[in-house]
Amino acid sequence: MKSVSRNARCYVEISRSVIAANYRAVRDAVAPGRATEAHRPPVLQPPGSSEPGVIGVVKADAYGHGAIEVARVLAREGIEWLAVSSVDEGVALRSAGISQRILVMAGVMPWEFEAVREQNLTPVVHSLHELPRFAEARVPRVHLKLDTGMDRLGTLAEASQIAAAIAKTPELTVEGLLSHFASATDFSSNQTPEQIRLFHERAAALRSLGVQPSLMHFASTNAIAYPRPGAWLSLVRPGHAIYGYVSPARGPAPPATFQVQPALQWKTHIVAVKDVPSGARVGYGGSWKAENPTRLAILAAGYADGVPHRLSNKGKVIAGGRLAPIVGTVSMDLTTIDITQSPQLRPGDEVTLLGTEGDVSLDAQQLAKTAGTISYNILCSISARVRRFYTD
Ligand SMILES: *Cc1c(COP(=O)(O)O)cnc(C)c1O
């Protein structure tokens, strides 16, 4: 991915074509022919469905990539479904003219029922008592989430209880049935096959009671990348993969079913360069001490921009085409690096926090590992004051 220098202290540059290519890679991985019976047992194929579709997950401002821009890219690629966490996120997409189906995955608040109907959002229902409330608000369709072992959202009710509750609200269509994996990358545990078994069992029991939602979905990025028998249904729900990431697997995992690349590069600029003598202490707490005369660069990005404070004295950035260590603590608006190895750097020069310069690159997974967190957290923490630029 090539990038041009921008006049912004700290910015990200997001490639629309990489987002589109990542989406196509996932879509093609689950396309008919690829999704063998091993991945999609015929018993769970809802009547009339031909091929697994993709729900593009654009919650949390598309993991920092900009939900509206990403939704537009996916819409141009022909995607039919998007998913967000909240009603607010769904409303923001509608206000931008996005007309795709929008699934609201993380719960509807008591004051949001009207907005769900007015904005034509599709809520995920997590407990049966919500059904009459959606019916009352004249929401036409919902998806019902089963808790198959994540023990977060989703109903634990038996099939008979679910069928009885649905029968009481005939005006409300339960269009979809879904669940969510807790540890899809972990092939050393049986949690995922157990979740799949429970889902199939409950879906079959519901079917025998006449409840047969036309859509079923379970897999997000990791269960698409590392498929398991029965994990791909009529739709899949990737987020992370669209932005170019798949988490590493544990245990005897199959090879990933698709390749993606990071769509976002994160850059900042040098505010000041200075030479300090050996013995100089850098930053709050004086936690880094120069062993030798050192050239420092002070960068226009700090934890208020999303640079993890945990990278203090640990992280690296790419400066002048080579890795340069972060020295001292990351502060709110500034981060100091050691550029003794790149003495040509000057104030105003650009530095890469995430991305590639020549043959050196840093991605969110590497940053996350150093900071003791996960790549999702790194991407979502790039703050609103970091300017977003898009390239085709
Ligand atoms: C975030 C989320 C996804 C997408 O997960 P990725 O790992 O980013 O692909 C799918 N389903 C639900 C319920 C989610 O909350």
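Calculation notes
Residues numbered from 1 in each chain as written. Predicted model: local features only at pLDDT ≥ 70, side-chain atom pairs only at ≥ 80, totals over all residues. Heavy atoms only, no water. Phe/Tyr/Trp six-rings, centres within 6.5 Å; stacked < 30°, edge-to-face > 60°. Helix = DSSP H or I, 4+ residues; strand = E, 2+ residues; numbered from the N terminus. Lys NZ or Arg CZ within 6 Å of the ring centre and 35° of its normal. Salt bridge = Lys/Arg side-chain N within 4 Å of Asp/Glu carboxyl O. Buried < 20%, exposed > 50% of the residue type's maximum accessible area, 1.4 Å probe, protein only. Core = buried A, V, L, I, M, F, W, Y, C linked by side-chain atoms within 4.5 Å. Domains from an automatic or database assignment. Contact = heavy atoms within 4.5 Å. Pairing = 2+ DSSP bridges. Buried area = accessible area lost by both parts, 1.4 Å probe. Disulfide = S-S within 2.5 Å. Near = heavy atom within 4 Å. Areas by Shrake-Rupley, 256 points an atom, 1.4 Å probe, with all protein chains shown as cover. Nonpolar A, V, L, I, M, F, W, Y, C, P; charged D, E, K, R; others polar. Expected span 1.5 Å × (residues − 1). Right-handed = clockwise from strand over helix to strand, strands pointing away.

### What to know about the packing of aromatic side chains
By convention here, two paired aromatic rings are described through the distance between centres and the angle between planes.
Okay, so step 1: Counting across every chain of the model gives seven aromatic pairs.
Okay, so step 2: Their ring planes at 40 degrees and their centres at 6.0 Å tell us that Y63 and Y376 sit as a pair that is tilted. In this pair, Y63 sits in helix α2 (residues 59-63) while Y376 sits in helix α11 (residues 375-381), placing the two residues 313 residues apart along the sequence.
Okay, so step 3: The structure contains a cluster of three or more aromatic residues connected by ring pairs, namely Y63, Y243 and Y376.
Okay, so step 4: When the ring centre of F187 is taken as origin, the NZ or CZ atom of R228, which lies over that ring, is 3.5 Å away.

### Here's the deal with the pattern of salt bridges
Okay, so step 1: Counted under the stated rule, the structure contains 15 salt bridges.
Okay, so step 2: Of the charged contacts, one joins R250 and D186 as a salt bridge, the two residues approaching to 3.8 Å between their closest N and O atoms. Of this pair, R250 sits in the loop between β9 (235-236) and β10 (264-276) while D186 sits in the loop between β7 (173-178) and α8 (191-208), and the two are 64 residues apart along the sequence.
Okay, so step 3: Given a relative accessible area of 53%, R250 falls into the exposed group.
Okay, so step 4: What makes D186 buried here is its relative accessible area of 9%.
Okay, so step 5: Because the salt bridges share partners, they merge into one network encompassing R16, E69 and D392.

### Thoughts on the nonpolar core
Okay, so step 1: Formed by 118 residues in total, the largest nonpolar core has its most connected members in V58, F258 and W266.
Okay, so step 2: In terms of residue count, the dominant contributor to this core is helix α1 (residues 16-29) (seven residues).
Okay, so step 3: Looking at which domains feed residues into this core, each of domain 1 (41-243) and domain 2 (264-391) supplies at least three.
Okay, so step 4: Within the second largest apolar cluster, seven residues are counted, among which are A280, W288, A290 and V327.

### A word on the side chain of T185
Okay, so step 1: As for its placement among the helices and strands, T185 is situated in the loop between β7 and α8.
Okay, so step 2: Setting aside residues no more than four positions away along its own chain, T185 makes contact with N222, Y226, R228, S247, P248, A249 and R250.

### Some details on the pairing of β10
Okay, so step 1: Bridging between strand β1 (residues 10-15) and β10 involves five bridges; their strand directions are antiparallel. Bridged to I14 within β10 is L264.

### Thoughts on the domain arrangement of the protein
Okay, so step 1: Domain boundaries in the protein define domain 1 (41-243) and domain 2 (264-391).
Okay, so step 2: Centre-to-centre, using C-alpha coordinates, domain 1 lies 39 Å away from domain 2.
Okay, so step 3: Tallying the contact residues gives eight residues for domain 1 and eight residues for domain 2.
Okay, so step 4: Sorting the residues of domain 1 by area buried against domain 2 places Y63, H65 and H240 first, and these three jointly supply 59% of that buried surface.

### Remarks on the state of the cysteines
Okay, so step 1: If you walk through the whole model with that rule in mind, you get zero disulfides.
Okay, so step 2: Here C10 is not disulfide-linked; the sulfur of C380 is the nearest cysteine sulfur, at 16 Å.

### Comments concerning the site of the ligand
Okay, so step 1: Near the ligand lie 13 residues; those nearest to it are K59, Y63, T221, G239 and Y376.
Okay, so step 2: Calculation on the ligand without its partners gives an accessible area of 380 Å², and the protein chains cover 92% of this total.
Okay, so step 3: Of the residues in the shell around the ligand, the class split is five nonpolar, five polar and three charged.

### Thoughts on α1
Okay, so step 1: Here α1 spans 20 Å end to end across 14 residues, near enough to the 20 Å set by a 1.5 Å rise per residue.
Okay, so step 2: For α1, the full list of buried residues reads R16, V18, I19, A20, N22, Y23, A25, V26 and A29.
Okay, so step 3: Buried-residue contacts for α1 involve β1, β2 (53-57), α3 (67-76), α9 (221-225) and β19 (387-391).

### A word on the environment of K59
Okay, so step 1: Mapped onto the elements of the fold, K59 is located in helix α2.
Okay, so step 2: Separated by 60 residues in the primary sequence, K59 and Q119 have C-alpha atoms spaced 17 Å apart.
Okay, so step 3: If we skip the residues at most four places from it in the chain, K59 touches A83, V84, S85, E89 and M105.

### What to know about the environment of L103
Okay, so step 1: Following the sequence through the fold, L103 ends up in strand β4 (residues 101-104).
Okay, so step 2: Looking at L103, the relative accessible area reads 0%, which means it is buried.
Okay, so step 3: Between the alpha carbons of L103 and P308 there is a distance of 31 Å; along the sequence they are 205 residues apart.
Okay, so step 4: Discounting residues that sit within four places of it in the chain, L103 has contacts with I55, W81, L82, A83, V84, T122, V124, H143 and H217.

### Here's the deal with unusual backbone geometry
Okay, so step 1: One non-glycine residue with positive phi stands out, namely A62, at about 55 degrees.
Okay, so step 2: If you trace the backbone, A62 turns up in helix α2.
Okay, so step 3: The class for A62 is buried, based on a relative accessible area of 0%.
Okay, so step 4: Even without glycine at this site, R138 takes up a positive phi of about 60 degrees.
Okay, so step 5: Relative to the helices and strands, R138 resides in the loop between α6 (130-136) and β6 (141-145).

### Comments concerning the pairing of β6
Okay, so step 1: Of all five residues making up β6, four are buried, and the element is well covered by its neighbours.
Okay, so step 2: Taken together, the two bridges between strand β5 (residues 122-125) and β6 define a ladder with parallel strand orientation. Bridge pairing in β6 places V124 opposite H143.
Okay, so step 3: In this region the chain leaves β5, passes through α6 and returns to the parallel neighbour β6; the handedness of that crossover is right-handed.
Okay, so step 4: With five bridges joining them, β6 and β7 adopt parallel strand pairing. Opposite H143, over in β7, you have G176 as the bridge partner.
Okay, so step 5: On the question of chirality, the crossover connecting β6 to the parallel β7 by way of helix α7 (residues 159-167) is right-handed.

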